[in-house]
Number of protein chains: 4
Amino acid sequence: MGRKSIAEIRKEEIIEAFFKVVSEKGFSKATIREIAHVAGCNHGMLHHYFANKEAIIEAAVDYVMTAYRAELLEGLSHHESAADRIRFLVSWFCDLDRFNLEFSRAWMEFWVLSKTETSVAVALQECYRDIRNIFAEIIRDGINGGEFRKVDATVTANVILASLEGSTMLWVVDPEETPVEATGKQTEEMIADFLAKREA
Amino acid sequence: MGRKSIAEIRKEEIIEAFFKVVSEKGFSKATIREIAHVAGCNHGMLHHYFANKEAIIEAAVDYVMTAYRAELLEGLSHHESAADRIRFLVSWFCDLDRFNLEFSRAWMEFWVLSKTETSVAVALQECYRDIRNIFAEIIRDGINGGEFRKVDATVTANVILASLEGSTMLWVVDPEETPVEATGKQTEEMIADFLAKREA
Amino acid sequence: MGRKSIAEIRKEEIIEAFFKVVSEKGFSKATIREIAHVAGCNHGMLHHYFANKEAIIEAAVDYVMTAYRAELLEGLSHHESAADRIRFLVSWFCDLDRFNLEFSRAWMEFWVLSKTETSVAVALQECYRDIRNIFAEIIRDGINGGEFRKVDATVTANVILASLEGSTMLWVVDPEETPVEATGKQTEEMIADFLAKREA
Amino acid sequence: MGRKSIAEIRKEEIIEAFFKVVSEKGFSKATIREIAHVAGCNHGMLHHYFANKEAIIEAAVDYVMTAYRAELLEGLSHHESAADRIRFLVSWFCDLDRFNLEFSRAWMEFWVLSKTETSVAVALQECYRDIRNIFAEIIRDGINGGEFRKVDATVTANVILASLEGSTMLWVVDPEETPVEATGKQTEEMIADFLAKREA
DNA sequence: AATGAATGAGTATTCATTCAT
DNA sequence: TATGAATGAATACTCATTCAT
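For the structure given in this document, a descriptive report is provided here. (Residues numbered from 1 in each chain as written. Chains lettered and ligands numbered in written order. Predicted model: local features only at pLDDT ≥ 70, side-chain atom pairs only at ≥ 80, totals over all residues. Heavy atoms only, no water.)

**Focus: the overall build of chain A**
Thought 1: Helix and strand counts for chain A come out as 9 helices and 0 strands.
Thought 2: Written out in order from the N terminus, the α and β elements of chain A read α-α-α-α-α-α-α-α-α.
Thought 3: The principal-axis extent of the C-alpha atoms belonging to chain A is close to 70 × 45 × 30 Å.
Thought 4: Across the 200 residues in chain A, those meeting the buried criterion constitute 50%.
Thought 5: Counting only contacts in chain A whose residues sit at least 6 apart along the sequence, the fraction spanning at least 24 positions is 65%.
Thought 6: Of the accessible surface of chain A, which amounts to about 9,700 Å², a share of 49% is contributed by carbon and sulfur atoms.
Thought 7: Computed over 23 positive and 33 negative side-chain charges, the separation of the two mean positions in chain A equals 3 Å. (Helix = DSSP H or I, 4+ residues; strand = E, 2+ residues; numbered from the N terminus. Buried < 20%, exposed > 50% of the residue type's maximum accessible area, 1.4 Å probe, protein only. Contact = heavy atoms within 4.5 Å. Areas by Shrake-Rupley, 256 points an atom, 1.4 Å probe, with all protein chains shown as cover. Lys, Arg positive; Asp, Glu negative; His and termini not counted. Charge placed at Lys NZ, Arg CZ, Asp CG, Glu CD.)

**Observations concerning the relation of the copies chain A and chain B**
Thought 1: Between the two copies, chain A and chain B, the superposition gives an RMSD of 0.5 Å; the rotation angle is 178° and the shift along the axis is 0.1 Å. On this basis, the relationship between the two copies can be described by a two-fold rotation axis.
Thought 2: Most of the interface of chain A is mirrored in chain B, where 100% of its interface residues again form contacts. (Least-squares fit on C-alpha atoms with pLDDT ≥ 70 in both.)

**Observations regarding the protein's contact with DNA strand F**
Thought 1: Taken together, 29 residues lie near DNA strand F, and A:Lys53, D:Arg10, D:Asn42, D:Met45 and D:His48 sit nearest.
Thought 2: A share of 62% of the atoms of DNA strand F within 4 Å of the protein falls on sugar and phosphate groups.
Thought 3: A:Lys53 is positioned such that a nitrogen or oxygen atom in its side chain is 2.8 Å from a phosphate oxygen of DNA strand F.
Thought 4: Take C:His47: an N or O atom from its side chain is 3.4 Å from a phosphate oxygen of DNA strand F.
Thought 5: It is helix 3 (residues 43-49) of chain D that provides the largest number of residues to the surface near DNA strand F, a total of 5 residues.
Thought 6: Its residues assigned to classes, the surface near DNA strand F comprises 6 nonpolar, 15 polar and 8 charged. (Near = heavy atom within 4 Å. Polar contact = N/O pair within 3.5 Å; in protein donor to acceptor, adjacent residues only side chain to side chain. Nonpolar A, V, L, I, M, F, W, Y, C, P; charged D, E, K, R; others polar.)

**Some details on the environment of A:Ile86**
Residues and elements named next belong to chain A.
Thought 1: Examined against the element boundaries, Ile 86 turns out to sit in helix 5 (residues 82-94).
Thought 2: Classification of Ile 86 as buried rests on a relative accessible area of 6%.
Thought 3: For Ile 86 and Leu 76, which are 10 residues apart along the polypeptide, the C-alpha to C-alpha distance reads 8.9 Å.
Thought 4: Ignoring anything within four residues of it in the chain, the contact list for Ile 86 reads Ile 138, Ile 139, Phe 148, Ile 160, Ile 191 and Leu 195.

**Observations regarding the pattern of salt bridges**
Thought 1: Inspection of the entire model under this criterion finds 36 salt bridges over all chains.
Thought 2: Here C:Arg140 ties to C:Glu137 by a salt bridge, and the two come within 3.7 Å at their closest N and O atoms. With C:Arg140 and C:Glu137 both in helix 7 (residues 118-144) and 3 residues apart, this pair spans about one turn of that helix.
Thought 3: As a salt-bridge pair, D:Glu13 and D:Arg10 come within 3.2 Å of each other at their nearest N and O atoms. Linking D:Glu13 with D:Arg10, this pair stays in helix 1 (residues 6-25), spanning 3 residues, or about one helical turn. (Salt bridge = Lys/Arg side-chain N within 4 Å of Asp/Glu carboxyl O.)

Put into structure tokens, the structure is as follows:
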């Protein structure tokens, strides 16, 4: 049975509340009482389910990163060729709807949080390494399959990831000014160009 | 220009102390007392020069962004052709030494701070618009001068800025894992490729 | 006598757990949850058997003092002459093994507790009066039987009790520094001397 | 100049307030806010002068023990012969006025506190060792001077200390029931008897 | 009988800010 | 100017107690 216990439900509610507060008001405003309020429960409850604030942070970061990675892999599974997969990746990162705004805001908070919370730093680094590896593997596949020219897979993966994360971040800072669709398209084009085989 | 008043000197010292504390320990640790301590003065003094903490933040953000922009423009003034200028921009952003690590850390704190402090948000947006415009102007020059192919200058400026800011950020999050020099070179190459005129 | 009910058994388990926690970690650490954990039951159960924490304290203090008194009387029953009985008392108090360390620690906690919990204060006073009376009776017997010289029985009982309780306490505070066996022997000697008939 | 700074005055006030609260209501009631209230200042002030509660405890324990020792030594300086000095010690310990009741209550709290606060444990042990040594020295002087019979000075010091501390403690627990003057006199007599030279 | 979810009062500590000297 | 004493709001965390299941 997939029935969740009350404890599991509550924990998820709390994590989601934490995530919501962080993305809407920033981590500095994410007090235990505010999280509890948003989760619709008493602040004492939070300490019933999580030993301390750090534990909530860890659980939330874990929750988000797992979801992030899972969604990415799920999307990739629908694409075959290396070029298709790269194109999907770019469009996925650049598909910046309201949900992603919330998500990205919280993500940025985690960057900063990683300076003081080692567990966040570790999770973030692992997550990026993971994504980098996924990117690099696709690039290697593309090179081996003759779709891409011979580039350094790891470095190129990093360059692509940087472009995408940078796009997201600029958009978060100033959604109005950033022509998100055009930027996405052009980033896709730039990356495709860079990877494409060139005439001798 | 006249001599700086003592008050101005003190203000600058305080701003620099603020910046130092933020970059080293994060904004959450940047208490009035800590800033005063680093600035070598009494915490009561801070309120003599700045009405409240928010005023310090505003001044510091303003100070940093002005310096950032000035340094960028100064560097650009030594380069003539559009291609050279773009190349300089990329190398300038990717010249990630110890100073830049500190700088970038503080910069990331400002991103996050912009969620709660409107003044920071405004300053950050203005700063990015400014840089985007500088980039776009160079691109337009390059197009007009026949160095670059005809791309949308604004969008491309954004794409380039995103690549560069993304690189910096990934490096800050995990300096060890990010092959910073290789990434810089390849980013430069990718952007140059993208802007270069193509054979018909 | 009939069998003990389950409720009585549970109550005793809880009391013993309370006593154990107090002697090992101190009263300040004796939370309801900790007591329940040591007693091997749910903390909600404690409130099923005891109305509140105060009730547990009262019951525990009562339990301990009853046991203390019973053991003392049992030991005394094996001795006949007043001098023997006094000697037994001293050795009993000074037989400071590991169990007594635990016991004495908890006892000291009760002293302190008696300041805030009237019931503990009353129990402690009753207990000491009881012991004082036992001592005084023996002394009176000794005087009447010609074993001891004519001293004020009540005052002397108090002096002896003070010596013994003081010894215990010093030993609890600094077990390493207190030469417990020698101290016990010498205390015994001092008291015996004091009570002994003197040559005219 | 013996002028005390405001900081020193405040610190002393706080320590005295702490001591007062502990002796009147027990350590468990000695909250930062209560101490501040008794000291007549804001609770934030306490953290201005003492880093944390532990620091207050340490300072208070140190303060009390230093005063205790100083008063003891001062009193001893007015007495010459070993027998006189011992007599003074006993009378000093047994001079149980209102001040001593407060003092002794707090002292008992420290015993219990020493289980959880290492610094208190250390201070208490050092204090007792100190007093024991003072006692032992007097006894040794008495033996050498031919006033006392040859006893083990250390052990006897411990026995005497135990008698005195035990008397105090019983009096604290039940001031009404303990005939304090008579007990003191008899304790003095018992100890004098024990130390006195005996006829061969 | 037994569990653990839920509540709310209480505790140490931090920190921006004010103000007397 | 400059110092640091003083204030009070805010914050994470603890714990006895209640109550639904």
